[in-house]
Amino acid sequence: MGIHKEKLPHKVSPGRQAEAALREREDLYRDLVEHSQDLLCTHDLAGRLLSINPLPARLLGYEVEALLKIPMREFLAPECHDQFDEYLATVQRDGFAEGSMVFMTRSGERRIWEYHNTLRTDLLPAPIVRGMAHDVTERRRAEAALQKSDERFRVALKNSPVVVFNQDIELKYTWINAPVLGWAQQQCLGRTDVEIIGGEEGDRLTSIKQAVLQGGAAVRTEVTITFGDQKHYFDLTVEPLGSRRGPLVGITCAAVDITSMKQAQEEREKLVRRLQDALAENEYLASHDPLTGIPNRRLLEDRLEQALARADRQHHKVAVLALDLDNFKDVNDTFGHQVGDLVLKGVVTRVKARLRASDTLARTGGDEFTVLADVADAHGAQVLVSALELAFALPFSVEGNVVTTGASVGVALYPDDGRGADELRAAADEVMYVVKRSKKG
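Figured I'd write up the structure that's included with this text. (Residues numbered from 1 in each chain as written. Predicted model: local features only at pLDDT ≥ 70, side-chain atom pairs only at ≥ 80, totals over all residues. Heavy atoms only, no water.)

1. Regarding the overall build of the protein
Secondary structure assignment for the protein yields 14 helices and 16 strands. The proportion of buried residues among the 441 residues of the protein is 39%. Sequence separation of 24 or more characterises 53% of the internal contacts of the protein that already satisfy a separation of 6 or more. Total accessible area on the protein is roughly 24700 Å²; 51% of this is exposed by carbon and sulfur atoms. (Helix = DSSP H or I, 4+ residues; strand = E, 2+ residues; numbered from the N terminus. Buried < 20%, exposed > 50% of the residue type's maximum accessible area, 1.4 Å probe, protein only. Contact = heavy atoms within 4.5 Å. Areas by Shrake-Rupley, 256 points an atom, 1.4 Å probe, with all protein chains shown as cover.)

What follows is the structure in structure tokens.
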């Protein structure tokens, strides 16, 4: 029979602490998802939505419950239907897919979303695709408008929010709508970027513009310029400027201040990282013991099912070992739960040292452990049992205390002692209890 373990009053167990930490992270994840305008969803490999956060659903003109009933293909623009089939094939083949698609809102408006989606299969009954998308409609429209407007620099007004300027063949400023930057015309005209801005930023601007003068082709890039202590980001377009007879006489430039957009993008990236970290930690806590860091019962069950399937394919045996510490309640009663926890960590260290990298050690109860290992035959399983028993030959030294505890080990062999995971665990437990009773007798 197992030893009854009484809980000390007012003592929060590691399991309760892990549950509280898990709930806190789930609350954080839920808040982040529900308040994000980015689309966060899951769908199956047939293109049926399984979940979606509220704000993007409402931007498309639907409530979440209504949207989940509509196949994804039905709210895509018609020209994206074939693309959607290619997307499903790609994510199933490669495990991820990224790109853009056109969604139709309920009112008929076209919205462009850039997505990065990944296939998830671990510990799931069926594969799902986890998606993250950002609405880039306004940005795409702005880019299209800029491309169509060949004369955009010529019609810029002096006080336009777009910084427009010309420089001669020596890259000296000949005209600039400087007030938008807080500069006076006399501070710029006749001077170069190196003279006005200086440092690495001035050198980089000069290098970009010299390349346009030498190659004769327009360039669009992102640059940074620091005014005082504040860094500004600009979307800079540089085009060659020719005379009526043809030779280049300089360059014409337009710079759009995208600082606010960059800051918003950085905040979005921080949010995505926080979401990813929270998801990763939640997934880890759901499958590992919080005290020792080894797999818990949930992960053990998954690995056991995989091991049995592998054994059938490769025609070998699987050993399931139930390991229960002897008189561990006495350890807690004598030395306290803090020492008991350290002994459990020491047990894990010793047992893992006698296992192979391919074996699994899981904590399945307070002082109960399960070992899963591929073996050739019953003799190999017994050799492993002996190795585990030797792990307890010496006492544990914990915070100046000498703690002696043994272990009762029972083993069941697949397929000799059972065909399923439940049968094997029950058979190993039964042998372990026989061993434990024999020690008492």
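2. Concerning the packing of aromatic side chains
In this structure the tally under the stated criterion is six aromatic pairs. For the ring pair Phe84 and Tyr87, a centre distance of 5.7 Å and an interplane angle of 35 degrees mean the geometry is tilted. Of the two residues, Phe84 and Tyr87 both sit in helix α4 (residues 81-94), three residues apart, roughly one turn of that helix. By relative accessible area, which is 2% here, Phe84 ends up buried. Look at Tyr87 and you get buried, because its relative accessible area is 5%. For the pair Tyr87 and Tyr115, a centre-to-centre distance of 5.3 Å together with 75 degrees between the ring planes defines the contact as edge-to-face. You can see Tyr87 sitting in helix α4 and its partner Tyr115 sitting in strand β4 (residues 110-120), a full 28 residues away along the chain. Tyr115 carries the same exposure label as Tyr87, and that label is buried. (Phe/Tyr/Trp six-rings, centres within 6.5 Å; stacked < 30°, edge-to-face > 60°.)

3. Quick notes on the pattern of salt bridges
Applying the stated criterion across every chain yields a total of 28 salt bridges. Taking the shortest distance from any N to any O, the salt bridge between Arg268 and Asp38 comes out at 3.7 Å. Taken together, the residues Arg268 in helix α9 (residues 259-287) and Asp38 in the loop between α1 (14-34) and β1 (39-43) connect sequence positions 230 residues apart. The class for Arg268 is partly exposed, based on a relative accessible area of 27%. Under the relative-accessibility criterion, Asp38 is labelled buried at 8%. Each of Glu109, Arg111, Asp135, Glu138 and Arg141 takes part in one network of salt bridges that share partners. (Salt bridge = Lys/Arg side-chain N within 4 Å of Asp/Glu carboxyl O.)

4. Concerning the nonpolar core
Of all hydrophobic cores here, the largest spans 33 residues; its most connected members are Leu321, Leu323, Val343, Val351 and Phe392. Listing elements by their share of this core, those giving two or more residues are β11 (317-325), α11 (328-335), α12 (337-353), β13 (368-375), α13 (378-390), β14 (396-398) and β16 (407-414). Ranked by the residues each element gives to this core, the list is headed by α12, at six residues. With 30 residues, the next largest nonpolar core counts Cys41, Ile52, Cys80 and Trp113 among its residues. (Core = buried A, V, L, I, M, F, W, Y, C linked by side-chain atoms within 4.5 Å.)

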